[in-house]
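# Architecture at a glance
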Amino acid sequence: MSSKRVGVCKGASSYITHVDWDARGKLLQVNTGAREQLFFEAPRGKRQTIRTTDVEKMDWASWTCVLGGTCSGIWPPSSDVTDVNAAHLTQDKKLLATGDDFGFVKLFNYPVKGKLAKFKKYVGHSAHVTNVRWTHDDSKLVSVGGADTAIMVWRHGGTGTNGEAQGESEESDSEVEEDGGYDSDVQRERQLDYKAKTYANPIREMSGIKPHQQQITDAPERPAVSRSYKSRPTVHRIEPSEGRRRKTAIVELILDHIHGYRGFDTRNNLHYLSDTEIVYHAAAAGIVHNLTNSTQTFYLEHTDDILCLAVNRHPKLQNIIASGQLGKDGPIHVWNAASKQTLSIVRGHHTDGVCSVHFSCNGKLLVSVGIDADHTVVVSKWSDGTKLASSRGHSERIFVAEFRPDSDSQFVTCGVKHVKFWTLAGSQLVGKRGLLKANGQDVGDDAAKMQTMLSVAFGAVSLMIVD
């Protein structure tokens, strides 16, 4: 095959975002960052002018463009040209899938005309959805996340079972190693800025005058770009008359498989539930994976990146999972791995997010660590969200917090160059710094050179191993 250039397409006033061929290979459709829809004749690249009605009638080999009259309805109100990142049309030209900056995968009936087009939206990604593509037979849709680094496979044509988890119809309106000996990955984790990953401030403040008593003001210029916060209320409109054509219902998507695991900045977040099942997380999804038949089920109630996960080991509280996420109120979801039912949401105890959680011996208490500057440690009762005690954790990053397996009041935290032993005394947390010893003796000045501790394991009574 020759790689000789045969033509140049000129006329775009900004960068190119999407390109599609027609079925004959004679015409190119191009979208640009200036919100232009341009057409060029191949092979010379001569620019063509084509009416919207003619574009709809043409046979396209693929449709990944996001601009034009046939997909004008995919754009949310007050959005800009960067908000919808990708689109892909099925082979039968009936369904258009999109991925956007708000972490949603959406499904539209094609063509998508007007500003109030119906759609189904699907959650799972915790960040921008950078691309979506149908498989060759349109049986599955693949979506790719940006910052969450997850690939999700959605099954086409199924029936949703639990609301938004399956779909919801709406109107669219430096790498230097330290002397301590730990690797560059740990160094990188110390420098992670989680606040930069919180994509938007809430549109409506969570304190102050009650909403129904507030004076109505103009809507913000742009909607929120994180699923942590509610989007603008949908404007109610008059019901269509009987003579108006009714739109066909949009076929469902069902999340079938997630390729990915968050391990670059998290630890102790993959656990056995039984000999045949494991639980872990990726993006904003809790994943229960069956090892026998390689199938997955999902908990999809989180609204941002999940950073930690723990399993309740009390025999009377089997299959109870706690997972903490990134977010300004630091929500911890407690849910059932079998039914995927939310049992409790513990929120408001952490300001930026939660990096570690663990259940107590009786399974009724949770210890959690925040990602704020003080790495705040909190012990709470998960059934009703009551905070029992809290304390400043450490100035350096805390990687692990774990209760002793035989205690509901004693636990350990460890992280960058420190280990600390804690006792819950009433409404207070009492912490004691751990010191290294050699042969039962204090190591003197070397005690200040505590190594970074990445994990904790408990053995016999009063024996604990940190590594």
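Please read these numbers as outputs of a predicted model, since none were measured by experiment.

### Structural notes on the nonpolar core
In this structure, L107, L141, W154, L253 and I258 are the most contacted members of the largest nonpolar core, which totals 28 residues. Elements that contribute at least two residues to this core include exactly β6 (95–100), β7 (105–109), β9 (129–134), β11 (151–158), β13 (252–259), β15 (277–282) and β16 (285–290). When sequence neighbours within four positions are dropped, the list of residues in contact with I258 reads A150, I151, M152, A282, A285, I287, Q296 and F298. Counting 20 residues, the second largest nonpolar core, distinct from the first, contains L27, C65, L67 and V112.

### Quick look at the environment of S13
Examined against the element boundaries, S13 turns out to sit in the segment before β1 (16–21). Not counting chain neighbours up to four residues away, the residues in contact with S13 comprise A34 and E36. Within the local environment of S13, its side chain forms a polar contact with the side chain of E36, the two groups lying 2.7 Å apart.

### Re the sheet that holds strand β25 (residues 386–391)
Spatial ordering of the open sheet is given by β22-β23-β24-β25, a layout of 4 strands whose pairing is antiparallel. With one partner strand each, in any of the chains shown, β22 (354–359) and β25 form the two edges of the open sheet. Between one strand axis and the next, the sheet turns through 20 degrees on average, direction left out of account. Here strand β23 (residues 365–370) runs beside strand β24 (residues 377–381); their pairing, made up of 5 bridges, is antiparallel. Looking at the pairing, V369 lines up with V377 of β24.

### Overview of the state of the cysteines
The term disulfide refers to a covalent linkage connecting the sulfur atoms of a pair of cysteines. In total, this model carries 0 disulfides according to the counting rule given. Among the cysteines around C65, which has no disulfide bond, C71 carries the closest sulfur, lying 7.4 Å off. Using a relative accessible area of 0% as the deciding quantity, one classes C65 as buried.

### Topic: the side chain of T452
Assignment of secondary structure puts T452 in the loop between β31 (441–442) and β32 (456–458). For T452, the side chain forms a polar contact with the main-chain nitrogen of K417, separated by 3.3 Å.

### Considerations on the sheet that holds strand β4 (residues 46–48)
On the basis of which strands lie adjacent, the open sheet formed by 4 strands has the order β1-β2-β3-β4 and antiparallel pairing. Pairing within the sheet leaves two strands with one partner each, and these edge strands are β1 and β4. Strand after strand, the sheet turns through a mean of 30 degrees between neighbouring axes, direction not considered.

### Section: the pairing of β9
As judged from the 5 bridges shared by β9 and strand β10 (residues 140–145), these two strands associate in the antiparallel manner. The partner of V129 across the bridge, within β10, is G145.

### Focus: the pattern of salt bridges
In the structure shown here, the tally under the stated rule is 12 salt bridges. The salt bridge involving K140 is made with D256; its shortest N-O contact spans 3.6 Å. A relative accessible area of 31% places K140 in the partly exposed class. The exposure class of D256 is partly exposed, given its relative accessible area of 22%. Its salt-bridge partner being D265, residue R262 comes within 2.9 Å of it at the nearest N-O pair. For R262, a relative accessible area of 4% puts it in the buried group. When salt bridges that share partners are traced, they join K140, R155 and D256 into one network.

Rules used throughout
- Residues numbered from 1 in each chain as written.
- Predicted model: local features only at pLDDT ≥ 70, side-chain atom pairs only at ≥ 80, totals over all residues.
- Heavy atoms only, no water.
- Core = buried A, V, L, I, M, F, W, Y, C linked by side-chain atoms within 4.5 Å.
- Buried < 20%, exposed > 50% of the residue type's maximum accessible area, 1.4 Å probe, protein only.
- Helix = DSSP H or I, 4+ residues; strand = E, 2+ residues; numbered from the N terminus.
- Contact = heavy atoms within 4.5 Å.
- Polar contact = N/O pair within 3.5 Å; in protein donor to acceptor, adjacent residues only side chain to side chain.
- Pairing = 2+ DSSP bridges.
- Axes fitted to C-alpha atoms, helices over the stretch in contact; angles between N-to-C directions.
- Disulfide = S-S within 2.5 Å.
- Salt bridge = Lys/Arg side-chain N within 4 Å of Asp/Glu carboxyl O.

Worth remembering: the numbers are spatial, not functional.
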